[in-house]
Every structure is written in C-alpha cells, then in structure tokens.
Amino acid sequence: QDSPVLVRPHPKQAGRYMLVFGHLRRRAAVELGRKVRAVIKQMTDRDHVIAQGQENNGRANTSFIEKAVFAAEIANRHFDDDNSTVMAALGADKSTLSKMLAVAGLPAPLLKAIGRAKRIGRDRWYDLKLLLDKPSNLEEALGFVGSPSIAVLPSDARFDALVSHLK
C-alpha cells in the first residue's frame, strides 16, 4: 500500500471510523487479509464529501457519468443553497455542474444499463439527455438498452448504439 486511506471519527458512534477515501485500497487489503494504513482526520460531513470528491477527481479513470452521479448524491444532501460544496468537491463551475446534474437525473436503470462509458464526455452525455427529454424517446431508450444484443456490448459501444438508435 503506497498511500494510506483517509478516515474520520464516526460522528455518532464512539470508537468507530468512516472511510473518506481509499475504498479500493481498503477492499484490496481486506481481500489480501492485510491491515490497511490510514490517516485519521477530524472533519465535518461537508469536508468529508469535498475530500472524497477531490480524491476521486485525481483518478484518471473516473468517467463523466460517475462524476455526475457523485455530484447529484452530494447535491441531494443539501449542504448549501448554491451547490458550492459540490463545485468544491468536483472542481466544477456552475455550467458544468448544471449539465452534470441534468445528466445524473436520467433514470437509474438507463444509466446502469449504459455503464461507465469512459470515453463519453460531458457534451455527448448532455446531448443524449436532450434526446431523452422527449417522453417517447425515453421509453424507446429503456427498451433498447435492455435488449440482450446491446447488453453484451462494451459500455462506450452501448452509449453509441443508443444514440444512433434514437437519432
């Protein structure tokens, strides 16, 4: 383990800790039967999500949709009225955050069926969201991504196939 995980004291359970970031490192240590090195830091819930978001942003393999869903999870916790916590956690401006939240508002079954779609960026996801604003397109999309022939495709290909199908 090159980098320690970050934990904070649990706010309601004395002697317990909450993992802030390092979930994959912790999981690997558990699977290997090893102890995990950790840094303990006192922090608020707001500081927790900001640290978690900044750590996730540092990873090169986080896709736009994963960041968008994370943004929506933070926004739904209502830390503030202007989403400054979400923007601080993700390093995003208001325009980008607005698109993230719009895309993250797509039905969960559709997002799950498409998956990470690592090479699909903000603009293409937002274009899909606009296509899906038409109710008949949304129904069509849900049926399309659930078909066995689409489910076997890689995530990026599922996204591309859906957009082509809707257009």
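One can find the structure itself at the top, above this paragraph.
Reference entry: report on the structure contained in this document.

### Here's the deal with the pattern of salt bridges
Logical step 1: As enumerated under the stated definition, the model contains nine salt bridges in all.
Logical step 2: Taking the shortest distance from any N to any O, the salt bridge between Arg 119 and Asp 156 comes out at 3.8 Å. With Arg 119 in the loop between α6 (108-114) and α7 (122-131) and Asp 156 in helix α10 (residues 155-166), this residue pair connects regions lying 37 residues apart in the sequence.
Logical step 3: Asp 156 gets classed as buried once you look at its relative accessible area, which sits at 18%.
Logical step 4: Of the charged contacts, one joins Lys 129 and Asp 133 as a salt bridge, the two residues approaching to 2.6 Å between their closest N and O atoms.
Logical step 5: Residue Lys 129 is classed as buried on the basis of its relative accessible area of 16%.
Logical step 6: Judged by its relative accessible area of 46%, Asp 133 falls in the partly exposed class.
Logical step 7: Several salt bridges share partner residues, and in doing so they unite Arg 119, Arg 124, Asp 156 and Asp 160 into one network.

### Some details on unusual backbone geometry
Logical step 1: Despite not being glycine, His 78 has its phi angle at roughly 50 degrees, a positive value.
Logical step 2: The residue His 78 is located in the loop between α3 (64-75) and α4 (84-90) in this model.

### Looking at the sheet that holds strand β3 (residues 38-40)
What holds strands together in a sheet is hydrogen bonding between their backbones, with the strands either parallel or antiparallel.
Logical step 1: Spatial strand order, β2-β1-β3: three strands in an open sheet with mixed pairing. At either end of the open sheet lies a strand with only one pairing partner, and these are β2 (17-21) and β3. Here the strands of the sheet are splayed against their neighbours by 35 degrees on average, with no regard to which way each runs.
Logical step 2: One ladder, built from three bridges, connects strand β1 (residues 5-9) with β3; its direction is parallel. Bridge pairing in β3 places Val 7 opposite Ile 40.

### Observations concerning helix α5 (residues 94-104)
Logical step 1: Every buried residue belonging to α5 is among Thr 96, Leu 97, Met 100, Val 103 and Ala 104, and all of these are buried. Along the axis of α5, the buried positions cluster into a sector of 130 degrees, meaning they face one direction only.
Logical step 2: Residues of α5 that are buried in the fold lie against α3, α4, α6 and α7.

Procedures and definitions
Residues numbered from 1 in each chain as written. Predicted model: local features only at pLDDT ≥ 70, side-chain atom pairs only at ≥ 80, totals over all residues. Heavy atoms only, no water. Salt bridge = Lys/Arg side-chain N within 4 Å of Asp/Glu carboxyl O. Helix = DSSP H or I, 4+ residues; strand = E, 2+ residues; numbered from the N terminus. Buried < 20%, exposed > 50% of the residue type's maximum accessible area, 1.4 Å probe, protein only. Pairing = 2+ DSSP bridges. Axes fitted to C-alpha atoms, helices over the stretch in contact; angles between N-to-C directions. Arc of directions from axis to C-beta. Contact = heavy atoms within 4.5 Å.

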